Amino acid sequence: EKLREWLGRFSGYHQQIKQLEKEIDELSWDASFGMYNSAGLRRKIKECPDGAEFAMAFLDLDCLHHLNEVYGYHDVNNRIKNSFHYEPVDDKIINRIFSGDEILVLVKGGIDKLHHLLTRIQRQGIQNKISFQSTIRQWRKGRDNFDQFLSEMGRELLNLKKTRVKISREVNISLASA
């Protein structure tokens with residue numbers, strides 16, 4: 001970082017480099033949702049040293065497409081933004097991944113810090129009529145392949161949601177036949 005800054009000053013490109021860095025920051029932030037996008041997530045992770053430990057939560061927002069149909073995209077985006085609002089700091093990364101109804105929350109350190117943050121997000125979500133399903137794991141940079149780890153969490157969450165839907169259907173069938 002310091003070498004790049006020195007080379008930029010030396011070669012007269014310091015202002016251009018600063019402008020490009022600002023543009024990269026802007027492209028890494030999804031203003032509609034008030035959180036990092038996938039590119040921003042990857043940038044933040046890349047900045048962390050190998051061995052950094054994160055508690056990760058993979059969240060899937062409930063009924064997002066239905067909410068968009070009922071309330072409109074702008075209103076739902078604001079609800080998500082209000083539910084997940086946080087000041088970007090070094091120990092937390094919240095970002096939208098894939099289609100917008102999946103959100104990844106990373107907290108440096110242990111699962112307890114993540115549970116505390118998720119409790120706050122869940123309370124804010126209730127106020128904004130946003131709910132989610134989640135799976136939680138511990139990830140270490142350099143030890144675990146991030147993309148593979150994320151895929152495993154996605155599959156785990158999908159299986160969890162399928163199980164809940166199956167149980168819900170079985171309960172509804174039992175109640176209907178009673």
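What this report covers is the structure whose coordinates are included nearby. Just so it is clear, the structure is predicted and the values come from calculations on it, not from any experiment.

For the rest of this paragraph, the subject is the environment of leucine 118. Looking at where leucine 118 falls in the secondary structure, it is placed in helix α6 (residues 111-127). Note: C-alpha distance between leucine 118 and valine 105 (13 residues apart in sequence) is 8.5 Å. Setting aside residues up to four positions removed in sequence, leucine 118 forms contacts with Ala57, Leu59, Val105, Phe132 and Ile136.

Under the defined criterion, the tally for this structure stands at nine salt bridges. Note that glutamate 152 and arginine 137 form a salt bridge whose closest N and O atoms lie 3.2 Å from each other. Highlighted residues: glutamate 152 in helix α7 (residues 146-177) and arginine 137 in strand β6 (residues 132-140), separated in sequence by 15 residues. A salt bridge links glutamate 156 to arginine 137, with the nearest nitrogen and oxygen atoms 3.2 Å apart. With glutamate 156 in helix α7 and arginine 137 in strand β6, the pair connects residues that are 19 residues apart, well separated along the chain. The exposure class assigned to arginine 137 is partly exposed, which follows from its relative accessible area of 24%. Three or more residues are tied together by salt bridges with common partners; here these are Arg43, Lys44 and Glu47.

Quick notes on the rules
Residues numbered from 1 in each chain as written. Predicted model: local features only at pLDDT ≥ 70, side-chain atom pairs only at ≥ 80, totals over all residues. Heavy atoms only, no water. Helix = DSSP H or I, 4+ residues; strand = E, 2+ residues; numbered from the N terminus. Contact = heavy atoms within 4.5 Å. Salt bridge = Lys/Arg side-chain N within 4 Å of Asp/Glu carboxyl O. Buried < 20%, exposed > 50% of the residue type's maximum accessible area, 1.4 Å probe, protein only.

That's the geometry; what it means functionally is another story.
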